[in-house]
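As a plain string of letters, each chain reads:
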Amino acid sequence: MVIEESEGNYWSCVEVRIGVEQARRQLFAALDSLEGTKSIVWDKSLMRKVQQFASPQLFKQHDVAEHLALNNYKSVQSAHVVFFLSPTLNALDSLCAYIDKASNPSTVLYQVFFIPEAWYVIREKLKERENGHYWKRLESVKEIPLVWFPRDGECLSLSQPELPSRLLLNGDWTYLHRCAVALFNLLQIQASPSIPIYSRGQWAEDVARMTHKLRANSEQTPQNSSQSSLQFNRIVLIDRWLDPLSPMLTQLTYAGLLDELFEIGINASLSVSKCDFEENAQLDPFDQIDIQLDEELFHRLKHVHINAMGIELSKILQEIREDENYDKEKMSVAEYQLLVKKMPRILKRKKSAGQHMRLAEMSRSELSQKLSDIVKIQKELLFSSNSDKMVPFIEELIIEDGNLNDVLRLIAVHSLTAGGLKTTVLQQYRRMIWQSYGIEALNKFMKMQKMGLVREKGGSGKMACEHTPLLFQQMNKQYDLLPEHVNEMTPNDTAYAYSGYASLLVRIIEEGIKLRWAAWNKIGEEIFPNDNSQVALFVVGGLTRAEIASLRLLPQISLILTSSVTTGAKLLENITDI
Amino acid sequence: MSALDRDRATWINIATPDSTLNDAVTLRFQRCYSLAESIKFADPMHFAACPYSGPIAICWHNVETNWTISIQTATGRFLKEKILVPDMHSVAWTRNHQLVVLTYRGTVMIYSAVGDLLNEIPFSQSIHDVRDLRVFETYADDSGFAVLDQQGRIAVVNKVTEPVIWTISPPSKEQVTAWAIIRQKSKLTRVVVAISEIFYSGHQGEHLTVADTPWVLSNGEYRHIEFRNDLELVAVYHNSGFIQIVASELTVEVHRITVANPDYSVIKLGWVGSSAVFALRRKGHDVRDRNIQFYSAASNSDGNYELLTLQNIAVESDGIKLYGGTDVTFVSIVSDAEKAVLGVVSQDDSAFLYEAAKKLDTNESHSAYENAIMVRDMPHAIRQCILCAQAAWSVEIQKTLLKAAKFGMAFTSGYDTTEFVKVIKLLRVLNELRSKRLGIPISFEQLQILGESNLLNRLIETGEFGEAMKIHEWLETDGPEGADRILLNWVHGILKRTAASSKTQYDAVEIKKLNDKIIAKLSQYPHVSIADAAKWAIDAKLPTLARLLIKSDPDESKQVEVLLKLGDITEALEKAAATDKPQLILQVIRHLMKIQRRSDYELTIRKIPLAQCLYQELIREDSDCRVAGRQMLALLEQASDYERQMLLHLDTASNEMNPSERLNALRRAKDASHNLGDKPLEEILSDVAAFAPGQSQRNEDQLKIREAVIAHASDPGKVAQLKQQAKLADKQVFYWTIEGLVKAGKMEQLFDMAQKKANYGYLPFIKACMKYNKIEECNKYFAKVTGYENLVAAHVEMGNFVTAAKMAFDRRDSDTLQNIFMKSFKDKDAYEKVGRLVKSLPR
């Protein structure tokens, strides 16, 4: 995988960039199909997502005169009002309100674009509402399939964190269909779209089947060779739920830990308390500061284990010092010119190194004070887990009203590693969670049980998950999940990202590469049977940043796709209602 | 005699002015067909030929009032042998290939070209005693027609396809002697009526008013009014023996023609192209003594040409057709181009070119070049040759002329051949159409006006699907939709025949054969929709065939659509589900929701899990929360899905603000867990439900149990009550009481408690005091702490990292030391010191 600097200092792998370019093309093809000036009226929830593909300047180049929020009813001067809407009822209501309240002349054409798709029900509702009163006002209703969002420059995500919950709680298979459509969309820019699809796990197999069907039904249009295209040899799909355990554990790579502690947002930024960040107690404790991570140093540091951050940062500082270390007296004019050119980058790196030092320190501090006990218990459970009794630490954490997500994750780890909990233990956990956290928490806990994150050992099969259960002990033996010598400083094993625990998901993929995907479910025929590289990996159900770091150690994988970049907390927070 | 000579032999000058030949009006008599078998023209009879060389209708009566109509091609092939019409008055054809039949009772019947009755329009309310029928061309490929009655009333329909009747009548009660009706582009329909020597004119919606006609003749009456095809000029006949050519507004006379031999009366007047008129004349009532005279419409000369005839006449836009028993002749005006190229001793460039090209194929080919270089304006000569080829009937002459054009192109550079190619394509089509089998003697000009689409329609209507497809492919202009239309009509025809035959209709083998036949043909044209054919099969009441057909359509969404139309709901749903396309499944579900009762469609949907799930989603998004919740619950109840029922109730309990609703939801969740048969779950939910009312009584609905204990920590009675109600463990009560007391600042009570019972050690006391920042209180409890582990923990809680580290160091307890080191991170000084200890600890 080649990492290179593209326009706007965007550090990303070629494949991600091609994906982003495709989305950008689709976006502007939609806009350019309308002649004349445009005012974009935004569904706010989409703004951040779409802005990952195009800057305001770029919009301007495509005749976009202004950007308005959906509740801003001022009249516009443009020829078109272009609505960017997500396919939700809320967006629909706002659209109708806009049509009612905005005082645009009827010569201004209303064009609706649903992103990423015009969900049938929403479309029908729009048609039917007020006997088609609103529908008639609209010049066109189309969709722009912006589905793949770049993450950390090396992964494309569908940004659907609710997928596991929807599938396991509601059986809502449309999420799998969306995955298939998205994958198919990406295959459109693949040099040879008929490459084989390998899959493992129920979800993955369904997605593979649907993707193949879409592929078979579409007319094969030869790719425009002038456009950059993706060059994979095969696509590999795998279920997150083959390994629900890893996301429940604490990630220990820099990016993973930042995500656990501060949540990396959709725009590759995180916000931290300003007074903490600047170590200035005088500041308003509620003041937040946004830190952009989409820059060179973050991409260099993101996969570094938190314990190796010191070494890596000092290397960077050394580089900066060397860059700065020049002797003005002895420099030639040419050297001087070169220095002047390099200066902004040096300054930028200096500032950025400072930021990362502080972020690393803050993470380290949090890890030491709050997470260290949790990490310790997780480790203990991984090595030996007993389904017969409650873990005292967890018990105490519940009594002391520790963070609910921490508690739930630990119980999940307990249950998953022990292959289920005895009824009495499960009952005790349930009761205590209710007593400390209330019904909402109990509800969530029951749903975790339905999702298979918590299991009743030898139970009557009530409240059981419909997905194949994880057999941790067996998997541990088969895949060497807890290897002995793991080097956190110079990673030699994918287990470094969790300090000695290898994500089962990653291990299964490693094995797949080794055995050339033998025993995986396969659709389509190999085109390049002798070339084991250029794999596009799609993890259905979410992937943690620590796992991405691990996968980066596997050079055969050239692009990582996932339904969401997740953490244990995000998984739990996205547990949905029935 | 060469082909050319044969062709030229039929040229006849009807006006030869003194000047050059080129200004003369020359008629061309083109024998289109000589038929081996004579077309039966009886007498008395009616005759009508469809414009643009369509079929002819011949009507004769067998008994007094009963008429038989037969529809044939120009070559006598029957399209419909017999249509029986009692009481027929007259017939006429419309531009779009439909036969208009008027009865004496004032009913107009519209038949297709193959004799199917399409429509019946009663006129009896508007008129009585019909006298005459006229069809007129309108725009957009349609025709209108008008009926004149004995009282002079005229009832008009502007569009045959959408008949709306309106009437107009002249102000005078006197007998109408001549009339005409036209529709000019972007104008209303106009009626012109002559009563003796007074002309009336008016548009639809107006009254007929007297026209200003200074040119009218006297001592007689006007008998015929005929507009030229372009509607700019009109020919009128006065029974004193004159044909007058008048501008269409009736104000100016352009030319006057004297009709010789007044013994004959003119029974039909008409235009031949744009520069000649003809008059069909008869002596008395003797039908055998008839002749046609041709006159130039512009120059007064005696060069008119007379033709004895018994033939039937059909007027086309560019000439007339004469239908004899065994021959069909097309009379048209020879164009300038033809005269230039083919005229005797023509000195035109094109004639040289033509001569040169002719020599190429003979042993004089060496002189071809000499002829060619005599041509001064080569592009002009080429154009003339092409124009001439367009008008030629003989294929041989067409070829020679086109060869000449091609030869000429060799002498030019950059000649645009588009027109040339187009003409070749069209000629190929013309020659095909003119074949005896098809019998469509259409001219180049007529085909241009008729258009490809209409031509295809005509072929489709007469069942010439193969020809239609061939011509469509040759012309390459109508896009895939043309092929679609042809094929679907072909299918339509098959279906109609099948539906009509009760034998094949129910014969499974026959139906299968039919299906295979249709599929085999349609699959050659991948863009043609099999689903459309299937829909037609449904319309033709052939559901079995439709079911077979639709299986072969590759488009799943269309399959589903047809299955829905067939009423095969379950199958449609299954098919949709098999596609894995949510949009399609939702479409079926929405359809079901519209046509079935709730209980019925829910039953159908429940059988297919993919659909069931989408239906649930539909419900979730469909209405407001409460309704959605109820509907969802109903679904889960139907499916006996107790797990999800319970979770749904718990969701309600979590989101509900109203305590009694919340309690209800909890109780229902408990019931669901009971039905689920999960005892422990039921137990815990019943505890939850039992605890809630007490909370409500205390007005503490929003408090969790832990918070409630903390809030009441200083009241042992309340705490005991809570403990009992919520089945709390001693440890929980212990911890929370401590926290509650510290929080409330009841330090004495806390100390008391520590004295009485400290089953879980003193660490909880220290933790609580540290949490609420009561550092000085900590020491009281720290003093009571015993044992290494507890002491280390207490030190760490109180921030004495170095002391704790030293204890661990002394015990060589590296794990604990490491742990302390981590915890001390924030205290930089301690972190450093502990770090040193960690490093110095021997491994």
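Thresholds, definitions, all that
- Residues numbered from 1 in each chain as written.
- Chains lettered and ligands numbered in written order.
- Predicted model: local features only at pLDDT ≥ 70, side-chain atom pairs only at ≥ 80, totals over all residues.
- UniProt positions renumbered as here; feature names shortened; annotations may be inferred.
- Helix = DSSP H or I, 4+ residues; strand = E, 2+ residues; numbered from the N terminus.
- Rg over C-alpha atoms; globule rule 2.2 N^0.38 Å.
- Buried ≥ 20, exposed ≤ 12 C-beta atoms within 10 Å, placed from the backbone.
- Contact = placed C-beta atoms within 7 Å.
- Pairing = 2+ DSSP bridges.
- Axes fitted to C-alpha atoms, helices over the stretch in contact; angles between N-to-C directions.
- Core = buried A, V, L, I, M, F, W, Y, C linked by C-beta atoms within 7 Å.
- Parallel < 35°, antiparallel > 145°, perpendicular 65-115°, else oblique.
- Left-handed = near helix turned anticlockwise from the far one by under 90°.
- Domains from an automatic or database assignment.
- Nonpolar A, V, L, I, M, F, W, Y, C, P; charged D, E, K, R; others polar.

Per an unreviewed UniProt entry, chain B carries the name Vacuolar protein sorting-associated protein 16 homolog and comes from Diploscapter pachys. Per its UniProt entry, chain B bears the Function (unreviewed entry) comment "Plays a role in vesicle-mediated protein trafficking to lysosomal compartments including the endocytic membrane transport and autophagic pathways. Believed to act as a core component of the putative HOPS and CORVET endosomal tethering complexes." Turning to chain B, the UniProt annotation filed under Sequence similarities (unreviewed entry) states: "Belongs to the VPS16 family."

The name an unreviewed UniProt entry assigns to chain A is Sec1 family protein, from the organism Diploscapter pachys. Under Sequence similarities (unreviewed entry), UniProt gives the following word-for-word description of chain A: "Belongs to the STXBP/unc-18/SEC1 family."

Draft legend 1. Examining the overall build of chain A more closely. A tally of helices and strands in chain A yields 22 helices and 18 strands. Scaling as 2.2 N^0.38, a compact globule of 578 residues should have a C-alpha radius of gyration of about 25 Å, and chain A matches this with 26 Å. Structurally, chain A occupies a C-alpha span of about 80 × 75 × 60 Å along its principal axes. Of all 578 residues assigned to chain A, the portion counted as buried reaches 47%. Sequence-distant contacts in chain A: of pairs separated by 6 or more residues, those separated by 24 or more amount to 78%.

Draft legend 2. Layout of the overall build of chain B. Along its length, chain B carries 34 helices and 29 strands. Here the C-alpha radius of gyration of chain B, 50 Å, is well above what a compact globule of 843 residues would show, namely 28 Å. C-alpha atoms of chain B, sized along the principal axes, occupy 150 × 75 × 65 Å. Looking at the 843 residues of chain B, the share that counts as buried comes to 43%. Taking all contacts inside chain B whose residues are at least 6 apart in sequence as the whole, residues at least 24 apart take part in 47%.

Draft legend 3. Inspection of the sheet that holds strand 28 (residues 319-323) of chain B at higher detail. All names here are of chain B. Taking strand neighbours across the sheet as the criterion, the five strands line up as 1-2-29-28-27 in an open arrangement whose pairing is antiparallel. In this open sheet, the two strands that pair with only one neighbour each are strand 1 (11-15) and strand 27 (312-316). Ignoring which end each strand starts from, the neighbouring axes of this sheet average 25° apart.

Draft legend 4. How the structure looks around the sheet that holds strand 15 (residues 178-183) of chain B. All names here are of chain B. As summarised here, the arrangement of the four strands in space is 15-16-17-18, forming an open sheet in which the pairing is antiparallel. The open sheet has two free edges, formed respectively by strand 15 and strand 18 (209-210), since each of these has just one partner strand. Judged from the six bridges that link them, strand 16 (residues 189-195) and strand 17 (residues 198-203) form a sheet pairing that is antiparallel. Each residue of the ladder has a partner; that of Ile195, found in strand 17, is Ile198.

Draft legend 5. Highlighting the nonpolar core. By size, the foremost hydrophobic cluster in this structure holds 417 residues, and its most contacted members are A:Val207, A:Leu237, B:Val100, B:Ala276, B:Val277 and B:Cys385. The biggest single contributor to this core is helix 8 (residues 174-187) of chain A, with ten residues. Excluding anything up to four places from it in sequence, B:Val100 contacts B:Val91, B:Ala92, B:Thr94, B:Val108, B:Ile110, B:Leu133, B:Val135, B:Phe145 and B:Val160.

Draft legend 6. Structural detail: the packing of helix 17 (residues 569-579) of chain B against helix 18 (residues 582-595) of chain B. Residues and elements named next belong to chain B. At their nearest, the axes of helix 17 and helix 18 sit 8 Å apart, and the two run at 160° to each other. In terms of orientation, helix 17 lies roughly antiparallel with respect to helix 18. For the crossing formed where helix 17 meets helix 18, the hand is left-handed. In this structure, helix 17 contributes Ile569, Ala572, Leu573, Ala576, Ala577 and Thr579 to the contact, and helix 18 contributes Leu584, Ile585, Val588 and Leu592.

Draft legend 7. Region of the structure containing the domain arrangement of chain A. If you check the domain split of chain A, you get domain 1 (34-146), domain 2 (262-362) and domain 3 (384-451). Computed from C-alpha atoms alone, the centre-to-centre distance between domain 1 of chain A and domain 3 of chain A is 46 Å.

Draft legend 8. Highlighting the interface of chain B and chain A. Opposite the 42 residues of chain B that make contact, chain A presents 40 residues. Mapped onto the side of chain B that touches chain A, the elements with two or more residues apiece are helix 18, helix 20 (609-622), helix 22 (642-655), helix 24 (679-697), helix 25 (705-711), helix 27 (730-744) and helix 33 (814-823) of chain B. At eight residues, helix 22 of chain B tops the list of elements feeding residues into the side of chain B that touches chain A. For the side of chain B that touches chain A, a count of residues per class yields 22 nonpolar, seven polar and 13 charged.

Draft legend 9. Local environment of the domain arrangement of chain B. The assigned domain composition of chain B is domain 1 (45-211) and domain 2 (705-840). Between domain 1 of chain B and domain 2 of chain B, the C-alpha centre-to-centre distance is 110 Å.

Draft legend 10. Representation of the packing of helix 7 (residues 418-434) of chain B against helix 10 (residues 465-475) of chain B. Residue and element names in this part refer to chain B. Where helix 7 meets helix 10, the axes come as close as 9 Å, and the angle between the chain directions of the two elements is 165°. Taken together, helix 7 and helix 10 sit at an angle that is classed as roughly antiparallel. When the axes of helix 7 and helix 10 are compared, the crossing they make is right-handed. Two secondary-structure elements touch here, helix 7 through Lys425, Arg428, Val429 and Glu432 and helix 10 through Glu467, Ile471, Trp474 and Leu475. Residue composition of the contact of helix 7 with helix 10, by class: four nonpolar, no polar and four charged.

Draft legend 11. Broad picture of helix 16 (residues 556-566) of chain B. Along helix 16 of chain B, the residues that are buried comprise B:Gln559, B:Val560, B:Glu561, B:Val562, B:Leu563 and B:Leu564. Among the residues trailing helix 16 of chain B, B:Gly567 stands out with phi positive, at a value near 85°.

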